[in-house]
Protein chains: 4
Amino acid sequence: MKVIITKDYATMSELTAGIVLEKMMESKRVNLSLTAGSTPEGMYRILLDKLSKIEMDTSLINYYNFDEVPLENERYGLTMSTLNKDFYEPAKIAKENIHELNLENYQTFSRKIIQDGGLDLIVMGVGADGHFCGNMPGTTGFDKDIYSCELVPGSDGFQLVEKITGKTPGPETVTFGPKTVLGAKQLVLIANGEAKAKIIKQVLEGPVTEEVPSSILTTHPNITVILDQEAAQYLNKDLLK
Amino acid sequence: MKVIITKDYATMSELTAGIVLEKMMESKRVNLSLTAGSTPEGMYRILLDKLSKIEMDTSLINYYNFDEVPLENERYGLTMSTLNKDFYEPAKIAKENIHELNLENYQTFSRKIIQDGGLDLIVMGVGADGHFCGNMPGTTGFDKDIYSCELVPGSDGFQLVEKITGKTPGPETVTFGPKTVLGAKQLVLIANGEAKAKIIKQVLEGPVTEEVPSSILTTHPNITVILDQEAAQYLNKDLLK
Amino acid sequence: MKVIITKDYATMSELTAGIVLEKMMESKRVNLSLTAGSTPEGMYRILLDKLSKIEMDTSLINYYNFDEVPLENERYGLTMSTLNKDFYEPAKIAKENIHELNLENYQTFSRKIIQDGGLDLIVMGVGADGHFCGNMPGTTGFDKDIYSCELVPGSDGFQLVEKITGKTPGPETVTFGPKTVLGAKQLVLIANGEAKAKIIKQVLEGPVTEEVPSSILTTHPNITVILDQEAAQYLNKDLLK
Amino acid sequence: MKVIITKDYATMSELTAGIVLEKMMESKRVNLSLTAGSTPEGMYRILLDKLSKIEMDTSLINYYNFDEVPLENERYGLTMSTLNKDFYEPAKIAKENIHELNLENYQTFSRKIIQDGGLDLIVMGVGADGHFCGNMPGTTGFDKDIYSCELVPGSDGFQLVEKITGKTPGPETVTFGPKTVLGAKQLVLIANGEAKAKIIKQVLEGPVTEEVPSSILTTHPNITVILDQEAAQYLNKDLLK
């Protein structure tokens, strides 16, 4: 594990965008899995700016969504609609390069990823409760591949999705499990702000336990954690050595 | 994870030797970590036979021992003396290519491995109690790097070492932790015989838990498990898909 | 470049089979390109023997033929019919895992390989004239990707194919070019016997020139050359260091 | 080969800096070889800015100079003094992480690189005559590893070094050869401006020939070429597909 502490959110976003661009510019097929949400918004703005200034073959760059919360009466769920808005549409990504995860395909999606050559990079955030992708405390098994989860109406998660989208979430969500994520060649975990400081300390310095799902990520052979100073404030600086 | 079920111990040993030889023959520095014990004896016999029939540059092939049980009044502990006898001496491995782990160097050994470019391959066995390297049920933390452990006089482990060596083990052992092992580029787990059948089922099909230390290995992005039919007898054959 | 000199053809074949099996046993999709001809016959016999003694998932193991000489009035050309006989049929390789190169698809085959994740390993022989795949002295450009070549009736190559197959070759052949081959992650070059000794010295010790097409292979970052003693007899032993 | 055409020099520099930073942030030892000269000045400015805004462990990041022109009566030659000024000193790189190439060590430097785990990335420019590193038309052999070259007093190269440094070059230079460069895991070639436009077309679209030394780089399995619009102006846009 390599930990990077950046001066601010802008620097965190620039470094993360640089990692994604590095993969995009390699001379081979590249399979990326990029998080939706508020943490990566800065990263997407930078990616869009850079991509607007270059010409290159983008037909070998593939995107695999790592979770989804379906929304009632909507074609796209929370993840897909957010990624469409923040990146896929403004970057004009070709439909055939976007691999949506959903309740229809999640049981074969893992096989598809392997057949497509495996994931080169996953960029993830971490929840204040320690979740990553849709792996929540209480529902996470470290041995799980892609799986679906009940979303109980009225639960915290349910209410959060309602608030973000103004729409009603469906009764079931889907997510890459720990095994799917750990199978990627490279992981990047990003976090910023005071609100993430406590969980970041637990994830990076505490025991590896299903109660703090993201803690398992620290066992991956090639993981980089990029934090701003606020999120890193409680860390033992020995982690930088 | 890829599971291979072989007809017999000889085939398991040949396939494992072939994997080790493949690394040895690559055109680059290679860092190997190979298990001592009875399971790999067949593999070492094949390696010695093959190496006796070829000429090649071996100066870039490095060996890093992954655990040690010091023996009182002996220069070498259980692991190093076993590897010397079964492989290093008959294969005439140069001293500078053998990296012994011991109580003097274990706190800097992990750093040394990283500086040396990381481990390309670890070949391990699994204990009937689910241990790998020196990670035992009850003492294993998935977040641990290389660490030392007390070896209580009179304990099962203590008596086993006494029986194997005819010597008195020291009070402290040392081992790669889960994090060290999971940091390698490739893992191979081998097991043969009826006596390993139950634990193999637990390791490969059960939950990932510190009570069955080897269960964490199933989360590695590039692990191959090579079994004979006896060790594989309780497995759900879906694992082969 | 790593050079391995083996005691005899049997050892060369065993080591090469071991390399191929190592790829087959990795926990990921693997894309292989294996030579047809007489040099690899020993390797295929060993592969078939080993594969008959193991159970594993083979659905992720893919084969990409690297050249072809079509035969008049025949469904399969020289390469495909040889590979069918020596390996694909006796090993019961599924049709969907065999990627035949031919005059119909060669202009899109390179793109297909890249989309499929690139080649993990190419195992090749070398001709007494220095050719590799279908890259002959006089027709080889180091900048070429997959290309077709005229096969002049009555030429040495034409007569050779007639003699081997008892059939009439078509007027055009197809082959991976140097750029396609050098794009693979790992290369293995095999040669045995007195008849290859002179060209092996030129390929490994001489200048990199289109007149000795295989000489370009020595610039690949991960190439292993496996020879028997006869093929290696003129080599400067410094190559082993 | 992947070709990227950027809007301007600033974008070329940002993308290249992003690639270098990506390597620096990976969780492993990384061995870099970065060009000196005027082309990368923008890249170094960006690297210095970014590095000033982050805290991380830099002890695993190593730098290997790829050529040198010794200067009479000076401790450091042209390459080392330029890199010191533009990057090593302002970035406060630790002495032990800088691996200077010179006339004293060049015969063992290649071995050292391999023992250190190989080069992860080389960032190079291209000369208007097609040279890369110190591989000039007329002195380049594609089979060469690190080698020394005479620098004839009064020659163009000699006069250029005199002009840049205001000092007298020594009679001998040293450089990574084609084989050393092609042995790296990843290559990045950068070029900007009208003055490079013609040679870029030759390098990327012409034959692979020792008369245009950089042409050999196009055969590497993982090379990215980053150009500004002026340097790319004569290119066939099919290269972007």
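See the structure above.
Residues numbered from 1 in each chain as written. Chains lettered and ligands numbered in written order. Predicted model: local features only at pLDDT ≥ 70, side-chain atom pairs only at ≥ 80, totals over all residues. Heavy atoms only, no water.

Participant: Outline the overall build of chain A, supporting the account with residue identities and numerical values.
Facilitator: Assigned secondary structure in chain A consists of 7 helices and 11 strands. Rg of the C-alpha trace for chain A: 17 Å, near the compact-globule value of 18 Å for 241 residues, within the 12% margin. For chain A, the C-alpha atoms occupy an extent of roughly 45 × 45 × 35 Å along the three principal directions. Taken over 241 residues, chain A has a buried fraction of 60%. Restricting the contact set of chain A to residue pairs at least 6 apart, pairs at least 24 apart contribute 81%. Entry remark: accessible area of chain A is about 9200 Å², with carbon and sulfur atoms responsible for 50%. Within chain A, one finds 24 positive and 33 negative side-chain charges whose respective centroids are separated by 5 Å. (Helix = DSSP H or I, 4+ residues; strand = E, 2+ residues; numbered from the N terminus. Rg over C-alpha atoms; globule rule 2.2 N^0.38 Å. Buried < 20%, exposed > 50% of the residue type's maximum accessible area, 1.4 Å probe, protein only. Contact = heavy atoms within 4.5 Å. Areas by Shrake-Rupley, 256 points an atom, 1.4 Å probe, with all protein chains shown as cover. Lys, Arg positive; Asp, Glu negative; His and termini not counted. Charge placed at Lys NZ, Arg CZ, Asp CG, Glu CD.)

Participant: Please give an account of the interface of chain C and chain D that cites residues and values.
Facilitator: Contacts between the two partners involve 17 residues from chain C, matched on the other side by 17 residues from chain D. At the boundary of chain C with chain D, total buried surface from both sides reaches about 1200 Å², with 60% on carbon and sulfur atoms. Here chain C is connected to chain D by 0 salt bridges. Here the residues of the side of chain C that touches chain D are counted per class, giving 7 nonpolar, 5 polar and 5 charged. (Buried area = accessible area lost by both parts, 1.4 Å probe. Salt bridge = Lys/Arg side-chain N within 4 Å of Asp/Glu carboxyl O. Nonpolar A, V, L, I, M, F, W, Y, C, P; charged D, E, K, R; others polar.)

Participant: Go over the side chain of Asn102 of chain B with me, naming the residues and quoting the values.
Facilitator: All names here are of chain B. Of note, Asn102 is situated in the loop between β6 (98-99) and α4 (106-115). Residue Asn102 is classed as buried on the basis of its relative accessible area of 16%. A distance of 2.9 Å separates a polar atom in the side chain of Asn102 from the backbone nitrogen of Glu104. (Polar contact = N/O pair within 3.5 Å; in protein donor to acceptor, adjacent residues only side chain to side chain.)

Participant: Just give me the short version of the sheet that holds strand β2 (residues 30-34) of chain C, but keep the residues and values in it.
Facilitator: With mixed pairing, the 8 strands of this open sheet are ordered in space as β3(B)-β1(C)-β11(C)-β10(C)-β7(C)-β2(C)-β4(C)-β6(C). Across the chains shown, the open sheet's two edge strands, defined by having one partner strand only, are β3 (54-55) of chain B together with β6 (98-99) of chain C. Sheet topology places strand β7 (residues 121-125) of chain C next to strand β10 (residues 187-191) of chain C; 4 bridges connect them, and they run parallel. Residue pairing for β10 of chain C: Val123 of chain C is matched across the bridge by Val188 of chain C. (Pairing = 2+ DSSP bridges.)

Participant: So what's going on with the relation of the copies chain C and chain D? Which residues, and what values?
Facilitator: Mapping chain C onto chain D leaves a residual RMSD of 0.0 Å; the transformation is a rotation of 180 degrees accompanied by 0.0 Å of translation along its axis. With respect to symmetry, the two chain copies, as superposed, fit the operation of a two-fold axis. Using C-alpha coordinates, one finds that chain C approaches the rotation axis most closely at His220 of chain C, a distance of 3.7 Å. A symmetric contact is evident, with 100% of the interface residues of chain C recurring at the interface of chain D. (Least-squares fit on C-alpha atoms with pLDDT ≥ 70 in both.)

Participant: Pulling in residues and values, what's your account of the pattern of salt bridges?
Facilitator: Residues and elements named next belong to chain A. A full pass over the atoms with the stated rule returns 60 salt bridges over all chains. Among the salt bridges present, the one from Asp120 reaches Lys28, with a minimum N-O distance of 2.9 Å. You can see Asp120 sitting in the loop between α4 (106-115) and β7 (121-125) and its partner Lys28 sitting in the loop between α1 (9-24) and β2 (30-34), a full 92 residues away along the chain. You can call Asp120 buried: its relative accessible area is 7%. On the basis of relative accessible area, Lys28 is assigned to the partly exposed category, the value being 31%.

Participant: Please give an account of the interface of chain D and chain A that cites residues and values.
Facilitator: Residue-level contacts link 35 residues of chain D with 35 residues of chain A. At the boundary of chain D with chain A, total buried surface from both sides reaches about 3100 Å², with 54% on carbon and sulfur atoms. In terms of surface lost to chain A, no three residues of chain D exceed Lys2, Met25 and Glu55 of chain D, which account for 23% of the buried area on that side. Of the charged contacts in the structure, one is a salt bridge between Lys237 of chain D and Glu55 of chain A, with a shortest N-O distance of 3.8 Å. Here chain D and chain A share 23 residue pairs in polar contact (both at pLDDT 80 or more) between them.

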